[in-house]
Amino acid sequence: MADSAAPRKTLMAIVSLVSKQLRIDVCSVYLISPATGNLVLRASAGLKKESIDTIYMSAHEGLTGLVIEKTEPIFVKNPADHPRYKYFKESGEERFQTYLGVPLQYHRRNFGAIVFQSIDPAAISEKDIPFFTVIAGQIASLAAYRGLMENPENKRDKKAADNQTPVVETPVPTQTRDSKNILRGVPASPGIAEGIVHYLPGSVGFDQVRIERADDPKKEISRFESALKKNMSEIKELSDGLDELPLHDVAIFESHLMMLIDPSFKNQVIGHIQKGAAAEYALKKTIEHHIQRFLTIDDPYLKERSKDVEDLGKQILSKLLGETSPQSTKFQSDTILIATDISAKDLISFKQKRLKGLALSRGGRTSHAAILAKAFEIPMVIGLSDILDTVHEGDRLILDGNSGLVFRNPSDDIVNEYKGLISEKKKLLRQLKHLRDKESVTLDGHMLSLEANIGLLSDTRQAIQYGAKHIGLYRTEFPFIIRNAFPSEDEQVEIYEKILQGAEGRSVTIRTLDLGGDKFLSYFDAGKEENPYLGWRSIRVSLDREDIFRTQLRAILRVSANHPVKLLFPMLCSIKEARNIARILEEEKKDLSDQKIPFNTSIPVGIMVEVPSAVKILKHLLEIFDFVSIGSNDLIQYLLAVDRNNPKVAPLYNPLHPAVIMSIRDVVTDCNAAGKPVSLCGEAAGNPKCAYLFLGMGIDALSMTPSSIPLIKKMVLKVNRREAEEDLSRVLAMSDEDEIDLFLEERLKNYI
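Note that this is a predicted model, so its numbers are computed, not measured. Every residue gets a number counted from 1 within its own chain, in the order that chain's sequence is written. Only residues with pLDDT of 70 or above have their local features reported here, since the model is predicted, and side-chain atom pairs are shown and tallied only from 80 upward, although totals for entire chains, interfaces and linings are computed over all residues. With hydrogens and water set aside, each side-chain value is computed from the structure's full complement of heavy atoms.

K.L.:
So what's going on with the overall build of the chain? Residues and values would help.
P.N.:
Across its full length, the chain holds 27 helices and 22 strands. Partly exposed residues are those whose accessible area sits between 20% and 50% of the maximum for their type, while under 20% is buried and over 50% is exposed, using a 1.4 Å probe and protein chains only. Burial statistics for the chain: of 752 residues in total, 54% are counted as buried. The numbering of helices and of strands both runs from the N terminus, where a helix is a DSSP run of H or I of at least 4 residues and a strand a run of E of at least 2.

K.L.:
Which residues make up the pattern of salt bridges, and what values do they have?
P.N.:
Criterion for a salt bridge: a side-chain nitrogen of Lys or Arg within 4 Å of a carboxyl oxygen of Asp or Glu. Taken as a whole and judged by the stated rule, the model has 40 salt bridges. Across the pair D514 and R511 runs a salt bridge, and its minimum N-O distance is 3.7 Å. Assessed through its relative accessible area of 3%, R511 is described here as buried. Where R721 meets E725, a salt bridge forms, and the shortest distance between an N and an O atom there is 3.0 Å. Note that R721 and E725 are positioned in helix α26 (residues 721-732) at a spacing of 4 residues, about one turn of the helix. What you see here is one network of salt bridges that share partners, running through E489, D490, E546, R550, R554, R558, R583, E587, E588 and D591.

K.L.:
Can you tell me about the environment of L640, naming the residues and giving the values?
P.N.:
Here L640 shows up in helix α22 (residues 632-640). In this description, contact between two residues means that some pair of their heavy atoms is separated by no more than 4.5 Å. When neighbours within four sequence positions are excluded, L640 is seen to be in contact with L652, N654, H657 and V660.

K.L.:
Could you give me a rundown of helix α7 (residues 263-274), with the residues and numbers involved?
P.N.:
With 12 residues, α7 extends 16 Å between its outermost C-alpha atoms, agreeing within 8% with the 16 Å of an ideal straight helix rising 1.5 Å per residue. Among the residues making up α7, those that are buried are F265, V269, I270 and I273. Projected onto a plane normal to the axis of α7, the buried residues spread over an arc of 125° and lie on a single side. In α7, the exposed residues that point more than 90 degrees away from the buried face are P263 and Q274. Of the residues one or two after α7, G276 is the one with positive phi, at around 110°. Multiplying 1.5 Å by the helix residue count minus one yields the expected span of that helix. Throughout, the arc means that of the directions going from the helix axis to the C-beta atoms.

K.L.:
How would you sum up the nonpolar core? Please name residues and give values.
P.N.:
Grouping buried Ala, Val, Leu, Ile, Met, Phe, Trp, Tyr and Cys residues that are joined through side-chain atoms within 4.5 Å yields what is termed a nonpolar core. Grouped together as the largest cluster of nonpolar side chains are 94 residues, with contacts concentrated most on F569, V628, I630 and L702. Those residues within four positions of V628 in sequence are excluded, and the remaining contacts are I607, V609, L618, L622, V667, C671, P677, V678 and S679. Residues M259, A279, Y281 and V391 belong to the second largest nonpolar core, which totals 43 residues.

Structure representation (structure tokens):
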């Protein structure tokens, strides 16, 4: 539906499909007219065709109006006997014995209802409501952005528009039907951003350029020739300033210039454009052709020149995309940064007031860049495979980090609609603000500590702003990432002191370095690995580089003298690692004692359970450590064998998978049996459905992105721990993550 050039026809196809596959006599969609607030029948399988676009009613009339008023499903047997029943002679609906209406909602806004009717009284029942609610949700999220809300061109609705005032909120307006202007990715950091496109310098290679057709060859040729000129000027400027270099080094620049002015090179690119290719793809085809020519040559030196050709091609590509030099990073207007991917270091470097959003063709939902984006409250969408082909420097974008949709050069209607959504979010935050100082206690008196994950000093302000009880996870690697060398012991003490002072007396759980995976230091050569997430990372690096590890341990111990600090070790998977950590820690404690340097001799020491092996040997690990923090992001990744940064398998990364729920339950059970505190950090902690299950397990604390705390606290204050336990038992008997999701959706619909 989202990509359809005729969304009304597509909607008709959908209601027909639903009606046929589920053997239901009627499936109809009523949408609210933006002009009148009336409900208008837009599509139906089962009612008379002539009733489509002619049946309309006030949103306070009929059973369907009741669905809109209550914003919840309405199930009625013998609908003709109901006091709100409204009969339309032209519809032929007097035969039907059951009625089920489900609201179509998007971003908490109503824009219609989907109605199911049957002749057989037993064909639909109340137990079917969760299933039909899922269907409604699927249609709503797609239809909201397409041309399904346009007023029907009929006199009855126009006449009504002259005489009535809208009675409900205006739904999401129509967006252009040019599918190139709507890009769909994976939401990675929530929020809505609007700004001008800026490409991250040097971030795009030819592997990200896909086949793309262009409707205006002259425009594409002009773009290509402009990119050539810019590149030639840049190379000349560079070569003119290199008089002190040997001639053979300067010759590299001269060879680039020769290729740029070579008519055959230029004509080859233009030839591809004239056949209908976009400039980027035409350049890719030409560069690949030249690279292949060099690779077929036997001479090793000439074969190596293929790299020069590729580098030159990337330089031209960067100009086509409108990239500026890395030094030009001060944004003059609200900006959406575009890249293939972005590192945590780059994000920290680019962070400024004008950076409003991030759009990546790759990326991962739980990468550290995504975690930082959430901490900075910068909306982020990943997996936008088409963005490099369709979006250029200077375009205006609206980026929706809640749905994963990105709009290129949006219409005024879409701009105004998102302004309304932003205003709505601010209103919601104001409503939740009063919860900040409340304890997160269930209706039956169970306390669940809601804590914050942080990576930088600025995050402590957010943690306090959103009501975090403690800092449940301080990721120490970010201060290392932004430096050019490992910070000394004294420098680390200074960093940790500032964090602890910023926490204003709240306890802070400090995790030792978790390097590797998607976190690298420019000054620390770890070597290239085929699969870094299964390689040399985290505690393995620390134990191999004891000098770095011991320095950090001493710094953390020193700040524990005057502040409430807990020490946390990541990614343990064996008893041998645990014993080595305990040995090194005791040696550093003894050394500090010998030097009469104060520290907390009974500092709580814990481990992160992030790999399946730790789940299985946890009882033995608990004999060595004081507490456990479940690292949900990595644990889910390893349990489900899903690379969390790979958009191709992103849908498989699911915290509600039965194996994930059972594994976390086992960890909590072991910790409770041993009398050791257990918390959970990561994305799952900020997911209300997951948090409800964790509450039922008996977990002590959840640590999350600060902005997620108010919503989870709102849910906790409205539920009973005993009911959460009972629902957990039901969920553990389920075998499918979709079934679990559907159950929790229905269970928590009144609490979040």
